[in-house]
Amino acid sequence: MKATEIKPDIYWVGAVDWAVRDFHGYVTPKGTTYNNYLILDKQITLVDTVKHNFAQVTIDNIRAVTDPSKIVNLVINHIEPDHASGIDKVMSLIPDATIYITDKGKKGLDRHFDTSGWKFKIVKTGDTLTTGKYSLLFLETPMLHWPDSMMTYIKEVKLLISQDAFGQHIATASRFDDEFTKCASHAELSDAVLDYYANILMPFGTLIKSKIAEIHKLGLDIDMIAPDHGIIWRGDPGGIIQRYLDMADGKADLSIAIIYDTMWHSTELMTLPLAKGIKDEGVDCKVIKLRSTPMSVAIKEFWRSRGCLIGSPTLNNIMYPSIAEILSHLGGLRPKNRIVGAFGSYGWGGGAVKGAYEEFKKMKLEIVEPGIQVKYKPSPEDNDMCYEFGRDFARKTKEYHANYS
Ligand code: FEO
């Protein structure tokens, strides 16, 4: 995709990765983009690089608007390799450029590259860089989502370059939200925002709220948010900020995700009366089988829903591996404001349901105990029991959800 002017003399010069499907283990069925931005001013300044295998793409995009060797400043908002692993190729063209980066960013970069010949300017919140008509204000955002992370704000054009925050993994020829939704639906974009937040930013809700509060306190007027992935928020930047505040507060739909796996279909059979019971209580329900569904999709559906039922057969007295894996992953994502329960089949000793509840307790989620277990295969009586458990769980989910309405 060619360089695109997003504000006067400020260009998107990034790369669209249509093919990536495994983003460090996170499934990206729609690909992604690596966004970076070129400021054509007295001091030509590049904000971020791209993933190493797209370095030539961004260099060609830069070359379409200026000679890359004229760049004198390189701002690195974030050192994760999807943004900074192309830095050596960029620096080979601009060896005398000054790199503006946080202290932790510099230390991290030192671990990845021989930086001994590069010039650095360590910046912190409140520091500025005047490039000519534009002045760049740096805002550290540690642990959003790496220790080095920061954002760059350009006040003359009310532009916030937000690195990973407000991003989405969508490969698209559209650069802007209003442009994207002319061809695709708002629902598709909304789903991509949820997916990104659930899988990457879920642990950092408190930090997100305090950082947005800090931005408001600084009085930064924002009319465009340019993240490092996906589309740029031009049509409704306030909307995405409010969406982040809502997600940081744990906002969810009144719905229940049944996430399960199965060996000989007994646990799977349990999902049928469970889902029917939930639906008969007027609560929306989605049934997700792991091993048929990428974990990142299951995580997204977990986060979309107020309630979640986890179903696992017992294998060797413990949870089925895919269920143990998702609960371990969820524990790291530190979900909040969700109600959960568990179910599953067993042959002789049992143990999976008990194991799931142990994980729920570590996560400090609202729990509906003791869950439900079925020996070998659900009988008609077991099906009735599952149906009633589904109804009961749905009723409790409605009650719990009312606390957040
Ligand atoms: Fe898109 Fe944290 O890198």
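Read on for a plain summary of the structure. (Residues numbered from 1 in each chain as written. Predicted model: local features only at pLDDT ≥ 70, side-chain atom pairs only at ≥ 80, totals over all residues. Heavy atoms only, no water.)

### Digging into the layout of surface pockets
Here the largest pocket is characterised by a volume of approximately 320 Å³. Taken together, the elements giving at least two residues each to the lining of the largest pocket come down to helix H9 (266-280), strand E20 (314-315) and strand E22 (339-346). The class makeup of the residues in the lining of the largest pocket is seven nonpolar, 10 polar and no charged. (1 Å grid on protein atoms, 1.4 Å probe; cavity = no way out; pocket = protein on both sides within 12 Å on 5 of 7 lines; lining within 4 Å. Points joined across faces, edges and corners; volume = space filled by probe spheres on them. Helix = DSSP H or I, 4+ residues; strand = E, 2+ residues; numbered from the N terminus. Nonpolar A, V, L, I, M, F, W, Y, C, P; charged D, E, K, R; others polar.)

### Re empty space enclosed by the protein
A full pass over the atoms with the stated rule returns four cavities of 30 Å³ or more. Within this model, the largest cavity holds a volume of roughly 80 Å³. Lining the largest cavity are Leu 144, Met 151, Ala 165, Phe 166, Leu 201, Ile 208, Lys 211, Ile 212, Ile 215 and Tyr 244. Counted by class, the lining of the largest cavity contains nine nonpolar, no polar and one charged residues. Estimated volume of the second largest cavity: approximately 50 Å³. Taken together, Phe 23, His 24, Glu 80, Asp 82, His 145, Asp 164, His 169, Tyr 196, Ile 200 and His 229 make up the full set of residues lining the second largest cavity.

### Quick look at the nonpolar core
If you look at the biggest cluster of nonpolar residues, it comprises 89 residues, and the most contacted ones within it are Leu 160, Phe 166, Ile 208, Tyr 244, Ile 259, Leu 327 and Phe 360. Of the residues forming this core, the biggest block, nine residues, is contributed by helix H6 (residues 186-201). The contact partners of Leu 327, leaving out residues within four places of it in the chain, are Ile 310, Met 319, Ala 356, Glu 359, Phe 360 and Met 363. Listed in part, the 24 residues of the second largest apolar core include Tyr 134, Leu 159, Ala 171 and Ile 232. (Core = buried A, V, L, I, M, F, W, Y, C linked by side-chain atoms within 4.5 Å. Buried < 20%, exposed > 50% of the residue type's maximum accessible area, 1.4 Å probe, protein only. Contact = heavy atoms within 4.5 Å.)

### Side note on the pattern of salt bridges
Scanning the entire structure with this criterion turns up 25 salt bridges. Salt-bridge contacts for Lys 354 lead to Glu 358; the nearest nitrogen and oxygen are separated by 3.3 Å. Here Lys 354 and its partner Glu 358 are both found in helix H12 (residues 352-363), four residues apart, which amounts to about one turn of the helix. Look at the salt bridges and you will find they share partners, linking Asp 191, Lys 286, Lys 300, Glu 301 and Arg 304 into a network. (Salt bridge = Lys/Arg side-chain N within 4 Å of Asp/Glu carboxyl O.)

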